[in-house]
Amino acid sequence: MTDIEKYILRIADTTLILSQRLSEWCSKGPSLEEDIALSNISLDLLGQANGLLEYVSKLNGEISPDEYAFKRDEREFYNFQICEIENGHFGDTIIRQFLIDIYFKLYYQELEKSKDETLSALATKSLKEVSYHLRHSSNWVIRLGDGTQESKDKIQKSLNNIWKYTGEFFEMDELDKKMLKEKIGVNNKTLKKDWDKLVDETLIKAKLKRPEDGYMMTGSRKGIHTEMLGKILSEMQYLPRAYPDAKW
Amino acid sequence: MQNGKIDKIWQILGSVPDPEIPVISVVELGVIRDVQLIKNEYVISVTPTYSGCPAVKTFQDDIKEQLKINNINNFKIEIVYKPAWTTDWMTQETKEKLRDYGISPPEKNASCPQCKSKEIELISEFGATACKSMYKCNDCLEPFEHFKCI
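The following paragraphs examine the structure supplied in this document.

Definitions and limits used
- Residues numbered from 1 in each chain as written.
- Chains lettered and ligands numbered in written order.
- Predicted model: local features only at pLDDT ≥ 70, side-chain atom pairs only at ≥ 80, totals over all residues.
- Heavy atoms only, no water.
- Contact = heavy atoms within 4.5 Å.
- Buried area = accessible area lost by both parts, 1.4 Å probe.
- Salt bridge = Lys/Arg side-chain N within 4 Å of Asp/Glu carboxyl O.
- Polar contact = N/O pair within 3.5 Å; in protein donor to acceptor, adjacent residues only side chain to side chain.
- Nonpolar A, V, L, I, M, F, W, Y, C, P; charged D, E, K, R; others polar.
- Helix = DSSP H or I, 4+ residues; strand = E, 2+ residues; numbered from the N terminus.
- Buried < 20%, exposed > 50% of the residue type's maximum accessible area, 1.4 Å probe, protein only.
- Patch = residues over 30% accessible without salt bridge, like charges linked within 9 Å, V, L, I, M, F, W, Y side chains within 5 Å.
- Areas by Shrake-Rupley, 256 points an atom, 1.4 Å probe, with all protein chains shown as cover.
- 1 Å grid on protein atoms, 1.4 Å probe; cavity = no way out; pocket = protein on both sides within 12 Å on 5 of 7 lines; lining within 4 Å.
- Points joined across faces, edges and corners; volume = space filled by probe spheres on them.
- Core = buried A, V, L, I, M, F, W, Y, C linked by side-chain atoms within 4.5 Å.

Once that is clear, we can look at the interface of chain B and chain A. Across the contact, 21 residues belong to chain B and 23 residues belong to chain A. Between chain B and chain A, the buried area comes to about 1,900 Å², and carbon and sulfur atoms account for 61% of it. With a closest N to O distance of 3.0 Å, R135(A) and E125(B) form a salt bridge. Scanning the region where chain B abuts chain A turns up seven residue pairs in polar contact (both at pLDDT 80 or more). Its residues assigned to classes, the side of chain B that touches chain A comprises eleven nonpolar, seven polar and three charged.

See below:
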């Protein structure tokens, strides 16, 4: 696998696994509107993953987009660990979405400037969708944070629990540095300042307390994951693995 | 001769309806970006509305079917991402078709497609398809879909 293929797989896997997680809300949402909203967001992310996997497949020339999604094992996935954590209650899902939506927005804004034309075009497209997602998740953070005592306590706890998964957004390993140098990739470190600012703006409106940066989960860039990824893959990959080449 | 054929292809594409909103065609939706003859093959450039819109696959199949019915077999459909699809590409005429169909078209100052009132309220940012959000009219009390501006 070439460097650029691996680099694209990181963002492709992040959108794919988060999409799979969100799709679990379909038919189980707290209200019809939210059921539809979360399913819509899941679908947008799946589309983004599809565009990226098609591009990796084209660069690779041998592996199809479906094979990337369905034939790899845990250690060959490079999605952020935050995508794997269980949906929990609605507030848990909203906090996870809010924290990653801001990241996506800032990341895609930078990726838009990539000298790789396909990546730049996909980033522009995704950015439009992510702006909608962020408006949705921010509004809910404010509603729940500035809601009843119970909703406030619950979402503050969600925020405190999920915070440790946000460190991965801003890591720079050798591959990130190389891609940045070649003007293909993004400088993740510099996203942190704007991410902090945008997170704070909403948390203030939501009357929530920003957790301290403490221990941060890490490893996804090397294919190291939480135990939840295996369970997601077993569901996502079951059919194509049990019935190879099955067609609708 | 060849230009005539390209015009004919545009005409056929103009008869392929959007799978979700059948009152407008895929050309009016703005997803057909170009039709070109390259080495004896007609290349139809298509751009997706939303990345994950399931209708994209459906209308590609519909396009293929219609072209084949019209005896045009030497074509391929190419997906292009740049420039990204925008509702700005819809003409005023297309927007009016949406309104008559009961969908508030993509405009900054949305109004109720039934009674034209501006007194409307957002119910949900997301609707039955990725491209629409849900509103309610506070005058006639009818709920309606609004085509998002993107």
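What follows deals with the environment of R210(A). All names here are of chain A. Within the fold, R210 resides in the loop between α8 (191–205) and α9 (228–242). By relative accessible area, which is 24% here, R210 ends up partly exposed. The sequence separation of R210 and W163 amounts to 47 residues, and the corresponding C-alpha distance is 9.1 Å. What R210 contacts, discounting residues up to four positions off in sequence, is W163, K192, D196, V199, D200 and L203. At a separation of 2.8 Å, a polar atom in the side chain of R210 contacts the side chain of D200.

What follows concerns a nonpolar patch on the surface. Together, Y238(A), L239(A) and Y243(A) make up a nonpolar patch on the protein surface, roughly 350 Å² of accessible area in all. Assignment of secondary structure puts Y238(A) in helix α9.

For the rest of this paragraph, the subject is the layout of surface pockets. Taken as a whole, the largest pocket spans an internal volume of roughly 1,700 Å³. For the largest pocket, the lining is made up of 43 residues, of which L46(A), N50(A), D66(A), F70(A) and W248(A) are closest to its centre. Elements represented by at least two residues in the lining of the largest pocket include exactly α1 (3–23), α2 (32–60), α3 (65–70) and α9 of chain A together with α3 (55–69) and β3 (75–79) of chain B. Ranked by residues supplied to the lining of the largest pocket, first place goes to α2(A) with nine residues. Taken together, the residues of the lining of the largest pocket sort by class into 22 nonpolar, eleven polar and ten charged. Here the second largest pocket is characterised by a volume of approximately 300 Å³. Contributing elements (two or more residues each) for the lining of the second largest pocket: α2 and α5 (117–145) of chain A. Grouping the constituent residues of the lining of the second largest pocket by class yields six nonpolar, two polar and four charged.

In terms of nonpolar packing, the biggest core is built from 75 residues, with I82(A), L99(A), Y103(A), F104(A), Y107(A), Y108(A) and W195(A) touching the most fellow members. Broken down by element, the residue count for this core peaks at 13 residues, all from helix α4 (residues 90–111) of chain A. Once you skip the residues sitting within four places of it in the chain, W195(A) turns out to touch L99(A), I102(A), Y103(A), L106(A), W163(A), T166(A), F169(A) and F170(A). Among the nonpolar cores identified, the runner-up in size contains 34 residues, and V26(B), V46(B), L67(B) and I72(B) belong to it.

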